[in-house]
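Given next are the chains, with one letter for each unit.
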Amino acid sequence: MTELDPDHTVAEPVSIPEPTVDGQKPDHPNLPPRMTDIPLTDASVLNAESILHVEEVNLWYGEKQALFDINLEVARHTVMALIGPSGCGKSTLLRCINRMNDLIGSVRIEGRIKVGQDDIYAPEVDVIELRKRMGMVFQKSNPFPKSIYENVAYGLRIQGIRERAVLDEAVERSLIASGLWDEVKDRLQESGLGLSGGQQQRLCIARALAIKPEVLLMDEPCSALDPLATSRIEELIFELKRDFTIVIVTHNMQQAARVSDFTAFFWMGKLIEVGLTEKLFTNPRVRMTEDYISGRFG
Amino acid sequence: MTRHFENELRDLKFSLLAMAGQVEEMIALTQQTLQERSNAKAERVSQLDKSVDESELRLDQACIDLLALRAPFASDLRLIASTLKIVPELERIGDHCCNIARRALILNLQQPVLKGDYLQRLGGDTHSMVRRAVDAFVNGDAALARAVIKDDDQVDALYVQIYSELLRGMLADPLCIERSSHLIIVIKNWERIADQATNIAEEVLFILEGVNVKHRYLQDPPQA
């Protein structure tokens, strides 16, 4: 059988050869691959190098330990879903990745989190520079009370970029990437707050993309959206992983199953199981994962 | 924690068991039809088949509804997916019983052609495979499911043995060709039922362990 490229679709009707005497259809070079030839997960996902390394991370809020010995690798151009019940530590871990926990005085962190080769908790790291490599999208869309254009350009402006052409290009590119461009291109100067909930969330994604981050962190980005807006964001996640690496926290198991390549299940601050999404949701190895994803928890 | 969904899954399992019970009754009646040369029991087999067909439609719909409405994961998903595959196996077993019973009606008019207890053994072994495959499902017994899969070879061997016996008989006495050819169809149907019991046992292993044990030769290619 000829090698097929990942985007291969059969454009023209193919002539299906007549069954042979024993009723078996012979392989035909123009036939689409058989089901057994198509793993749900692209092989490139399995071979991709890690861009984000979480190593032995422990975290305390004051006296209370919230993360225990977390080890997690996130491969480049994949989507990693973090799931688990409320308070399991998944959002805490997400916030560790762009050092947002620094803002909380009583937090103590041990272990290493590396983006590429760089330990983001190394003392010499410039947190502002670090956050340029991380885009963050929150549960509730939080556009600034500014125009659509200024919302997207914001990250670049605080980097001191003033050239109109550079800003225009970034705004257009980011809005196209977030799927919002066609809806707002004629009203870029209107307030971002005038958009619908789903549009506001896509505006926030565009704002995060404008600074060309390496990793996009999403904390329940669809939990306040209706199913249609949710499905737009999910489609968008699928598109975005071509250029970015995405870590998404979600309470919606179906969403984790739909959008992610890998899923990590957390419970009480511990990483219980991590694996290929299709495996984890059909045949998890750990009983606790099974109970959680099938709603038997507690 | 009791969940509404838990009850729905339990109902699904019960309905599948009820269907399996009907099919087992058909198998027992089919054995008796041959052994006792009873036309009345053959009639009863085809009556039961209608109710098995109805069960198939009901269970198909129930599985589709659960998949659509509950979006199950993990073992729940495997249970429903496997039910969707076990149901047609059971229904086919019912059809094979009808085929055997139909041939029995013809054979009952004539002198028996096979000596010994070949037919009883074939029916008995096959029935045992179906019963144990269903038991493995009910009790979540993976070892039993594996034993059923293994026993299929025995039934196949018995089938080949009876087939040769019939062939020998036909060569020796052309007058028994008609009866023997009906019997060949009978034993082929028993052999198919044993295959179907094997398929059910394979589904049981998938539900319990999440491993697909079918077509092993494709999954463990011989070392080069």
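### Topic: the overall build of chain B
Then step 1. Along the backbone of chain B there are seven helices and zero strands.
Then step 2. Secondary structure of chain B in N-to-C order comes out as α-α-α-α-α-α-α.
Then step 3. If one aligns the C-alpha atoms of chain B with their principal axes, the spans along those axes are about 65 × 55 × 25 Å.
Then step 4. A buried classification covers 38% of the 224 residues belonging to chain B.
Then step 5. For chain B, the share of sequence-separated contacts (at least 6 apart) that also reach a separation of at least 24 residues comes to 78%.

### Some thoughts on the confidence of the model for chain A
Then step 1. For chain A, the average pLDDT comes to 84, and 84% of its residues sit at 70 or higher.
Then step 2. Segment residues 1–40 of chain A is flagged for pLDDT under 50; beyond a separation of four residues in sequence, or across chains, it makes 17 contacts in the model.

### Overview of unusual backbone geometry
Residues and elements named next belong to chain A.
Then step 1. Phi at His77 takes a positive value of approximately 60°, unusual for a residue other than glycine.
Then step 2. You can see His77 is positioned in the loop between strand S2 (64–75) and strand S3 (79–83).
Then step 3. Positive phi is not limited to glycine here, since Glu220 has a value of about 45°.
Then step 4. Topologically, Glu220 is positioned in the loop between strand S7 (215–219) and helix H8 (227–240).

### Here we look at the pairing of S7 of chain A
Residues and elements named next belong to chain A.
Then step 1. Across the five residues of S7, five count as buried, placing the element largely inside the fold.
Then step 2. Residues Val215, Leu217 and Asp219 line one face of S7 and the alternating positions Leu216 and Met218 line the opposite face, and both faces are buried.
Then step 3. Two elements, strand S6 (residues 134–137) and S7, share four bridges in a ladder whose sense is parallel. If you follow Val137 over to S7, its bridge partner there is Met218.
Then step 4. Looking at chain direction, S7 and strand S8 (residues 245–249) are connected through five bridges and run parallel.

### Some thoughts on the interface of chain B and chain A
Then step 1. Contacts between chain B and chain A engage 12 residues on the former and 12 residues on the latter.
Then step 2. For the side of chain B that touches chain A, a count of residues per class yields seven nonpolar, two polar and three charged.

### Observations regarding the confidence of the model for chain B
Then step 1. Within chain B, residue pLDDT values average 92, and 97% of them lie at 70 or more.
Then step 2. Within chain B, the element-level pLDDT minimum falls on helix H7 (residues 216–219) of chain B, averaging 76, and the maximum on helix H5 (residues 142–172) of chain B, averaging 96.

Thresholds applied
Residues numbered from 1 in each chain as written. Chains lettered and ligands numbered in written order. Predicted model: local features only at pLDDT ≥ 70, side-chain atom pairs only at ≥ 80, totals over all residues. Helix = DSSP H or I, 4+ residues; strand = E, 2+ residues; numbered from the N terminus. Buried ≥ 20, exposed ≤ 12 C-beta atoms within 10 Å, placed from the backbone. Contact = placed C-beta atoms within 7 Å. pLDDT = per-residue confidence, 0-100. Pairing = 2+ DSSP bridges. Nonpolar A, V, L, I, M, F, W, Y, C, P; charged D, E, K, R; others polar.

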